[in-house]
Amino acid sequence: MITKPFVGVLSVLMALAATPAAWAAGPVLGCVEVSGGWVRVLPAPSPMRMTAGYGTIHNGCERAVTIVAASSPAFGHVTLHETVVENGVSKMRPLPELRLAAGGTATLQPSGMHLMLMGAATLKDGQQVPVVFEVDGGSEVQAVLRARNTAP
């Protein structure tokens, strides 16, 4: 059980020209990759200041890894959630961590596991959104999600 919640500072959008090295805080774990990442653009104007992020996370490491937090300069708060159906009712619940076996893959998708991205700035279709996943032990996995009006 971890004591650190899936939160982070993910507050002002970075310039699109910024490189991942400009926002990296810890050593990068190169054997874990995020592909097909995207963020749902909210219709404007929207009173909701939250959206969801999706993609595929693959652990190419020779050992299991556990993602314990996520952050993005584009959002004030980021958590990992999953949607479950209990007694015929769809509910979202936070996930404190995401364990990936060696060679394993996790899919973040609508109506399943996903990132809840709160405190959103206004996103535009096609905009790049940097996200950092913190791995147990202090390493990081850097990703860039693409803002989209519709699912890819």
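Residues numbered from 1 in each chain as written. Predicted model: local features only at pLDDT ≥ 70, side-chain atom pairs only at ≥ 80, totals over all residues. Heavy atoms only, no water.

1. Examining unusual backbone geometry
For asparagine 87, which is not glycine, the phi dihedral falls at a positive 55°. For asparagine 87, the position within the fold is in the loop between strand E4 (77–86) and strand E5 (89–94). The class of asparagine 87 is exposed, set by a relative accessible area of 82%. With a phi close to 65°, serine 111 is a non-glycine residue in the positive phi region. (Helix = DSSP H or I, 4+ residues; strand = E, 2+ residues; numbered from the N terminus. Buried < 20%, exposed > 50% of the residue type's maximum accessible area, 1.4 Å probe, protein only.)

2. Some thoughts on the side chain of threonine 79
Within the fold, threonine 79 resides in strand E4. Assessed through its relative accessible area of 9%, threonine 79 is described here as buried. One polar contact links threonine 79 to histidine 81, side chain to side chain, over a distance of 2.9 Å. (Polar contact = N/O pair within 3.5 Å; in protein donor to acceptor, adjacent residues only side chain to side chain.)

3. Details of the side chain of histidine 114
Residue position: histidine 114 is located in strand E8 (residues 113–118). Taking relative accessible area as the criterion, histidine 114 reaches 4% and is therefore assigned buried. A distance of 2.8 Å separates the side chain of histidine 114 from the backbone oxygen of glycine 112, its partner in a polar contact. What histidine 114 contacts, discounting residues up to four positions off in sequence, is Ala52, Gly53, Tyr54, Thr79, Leu80, His81, Glu82, Thr83, Met92, Leu108 and Gln109. (Contact = heavy atoms within 4.5 Å.)

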